[in-house]
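Here is how the chains run, residue by residue.
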Amino acid sequence: LLAILLCAGVLIAAKHFSPPIYTLLLWIVSIVILLILVLVGAVFYLAMKKPKPDPAKEEKESGLRTLSQGRNQIMNIRRTLNRIKSPAIKNSGMQVCSDAEKILSVFRQKPEQISKNRSFFNFYLPTLASITEKYQRVEQSGTASSDLENKVLEHLNHIQSAFGRQYDSLFAGDLLDLSVEIEVM
């Protein structure tokens, strides 16, 4: 604002003392004001422009969050298992948790595998948590039966088998690469 007032004062003085200089100064002041407006506009544009998200960075951050959530789920499942009295259920559940932790360790080494194996986080871990929590509540209420215990053991065995298949599938590409290299030699 001060610069504009100063320019206006110079223009008025130049008009009274030298008309040719007035015209030249008028052009110069117009160009300066135009440059100031362009600069202000550019600053506002850059301030309002949102940076484009980096897909690789977003996928990595999402993977880290997913790993953290998976680890928390396994810790909660272990806490629930520690409250279960049945040694068969407790031992089977702890073994399934160990298998789940092996899968998580592979995901830490190969984070690109996380997005391809969302069922581990979205289905199997929540199902395991649900089964153990419900059984623990039933057992605590005193209404657990051997039939229920057998059904829970059967489901835990299914989940453990699924985790075994999941773990093996994480190395399928490596096994294929290895067999190709062996055949080439």
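Within any chain, residue numbers begin from 1 and follow the written order of that chain's sequence. Owing to the predicted nature of the model, reporting of local features is limited to residues with pLDDT of at least 70; listing and counting of side-chain atom pairs is limited to 80 or more, with chain, interface and lining totals taken over all residues. Calculated side-chain values reflect all of the structure's heavy atoms, with hydrogen atoms and water omitted.

Looking now at the overall build of the protein. Secondary structure elements are taken from DSSP: a helix is a run of H or I of four residues or more, a strand is a run of E of two residues or more, and numbering for both begins at the N terminus. When helices and strands are tallied, the protein shows 7 helices and 0 strands. Along the protein, helices (α) and strands (β) appear in the sequence α-α-α-α-α-α-α when read from the amino end. A total of 185 residues make up the protein; the buried ones form 26% of that total. Contacts: residue pairs with any heavy atoms within 4.5 Å of one another. Counted over contacts in the protein with a minimum sequence separation of 6, partners at least 24 positions apart contribute 69%. Computed by Shrake-Rupley with a 1.4 Å probe, the accessible areas treat only the displayed protein chains as cover when residues are assessed. About 12,800 Å² of surface is accessible on the protein, with carbon and sulfur atoms providing 64% of the total. Buried, partly exposed and exposed residues are distinguished by accessible area as a fraction of the type maximum, computed with a 1.4 Å probe on protein chains only: under 20%, between the cut-offs, and over 50%, respectively.

Salt bridges are identified by distance alone: a Lys or Arg side-chain nitrogen within 4 Å of an Asp or Glu carboxyl oxygen. Tallied over the full model, the rule gives 3 salt bridges. The shortest N-O distance in the salt bridge between E101 and R71 comes to 2.5 Å. With E101 in helix α4 (residues 87–109) and R71 in helix α3 (residues 55–82), this pair connects stretches of sequence that are 30 residues apart. A relative accessible area of 23% places E101 in the partly exposed class. The salt bridge involving R78 is made with E101; its shortest N-O contact spans 3.1 Å.

Another point: a nonpolar patch on the surface. Residues enter a patch when their relative accessible area is above 30% and they make no salt bridge; the linking distance is 9 Å between like charges and 5 Å between nonpolar side chains (Val, Leu, Ile, Met, Phe, Trp, Tyr). On the surface, I28, V32, I36, V40 and F44 cluster together into a nonpolar patch covering about 420 Å² of accessible area. Among the secondary structure elements, F44 is positioned in helix α2 (residues 19–48). With a relative accessible area of 53%, F44 lands in the exposed category.

Looking now at helix α5 (residues 118–141). An ideal rise of 1.5 Å per residue puts 34 Å on 24 residues; α5 measures up with 34 Å between its terminal C-alpha atoms. A bend of about 25° at Y124 is the largest found in α5, and the proline P126 appears one to four places after it. What α5 keeps buried is the set F120, F121, L125, L128, A129, I131, T132, Y135, Q136 and E139. Buried residues in α5 make contact with α3, α4 and α6 (146–170). The positive-phi residue at the C-terminal boundary of α5 is G142, with phi of around 90°. Here the expected length of a helix is defined as 1.5 Å per residue gap, with one fewer gap than residues. At every residue, the bend is computed as the angle between two fitted axes, covering the seven residues ending there and the seven beginning there respectively.

Let us look at α3. Given a rise of 1.5 Å per residue, 28 residues ought to cover 40 Å, and the 40 Å separating the end C-alpha atoms of α3 matches this to within 8%. Listed in full, the buried residues belonging to α3 are G63, T66, L67, G70, I74, I77, T80 and L81.

Now for the confidence of the model for the protein. A score from 0 to 100, pLDDT tells how confident the predictor is in each residue. With 78% of its residues at a pLDDT of at least 70, the protein reaches an overall mean of 83. Per-element averaging of pLDDT across the protein places helix α7 (residues 172–184) at the bottom with 57 and α4 at the top with 94.

The topology assignment puts S92 in helix α4. Residue S92 is classed as buried on the basis of its relative accessible area, which comes to 12%. In contact with S92, other than residues within four places in its own chain, are L153, L156 and N157.

The next subject is the nonpolar core. Side chains of nonpolar character tend, in soluble globular proteins, to be buried together. Buried Ala, Val, Leu, Ile, Met, Phe, Trp, Tyr and Cys residues that are joined via side-chain atoms within 4.5 Å together make up what is termed a nonpolar core. Grouped together as the largest cluster of nonpolar side chains are 28 residues, with contacts concentrated most on F107, F120, F121, L128 and F163. Put simply, the parts of the chain that give this core at least two residues each are α3, α4, α5 and α6. If we ignore the near neighbours within four places in the chain, the residues touching F120 are A100, I103, L104, F107, L125, P126, F163 and Q166.

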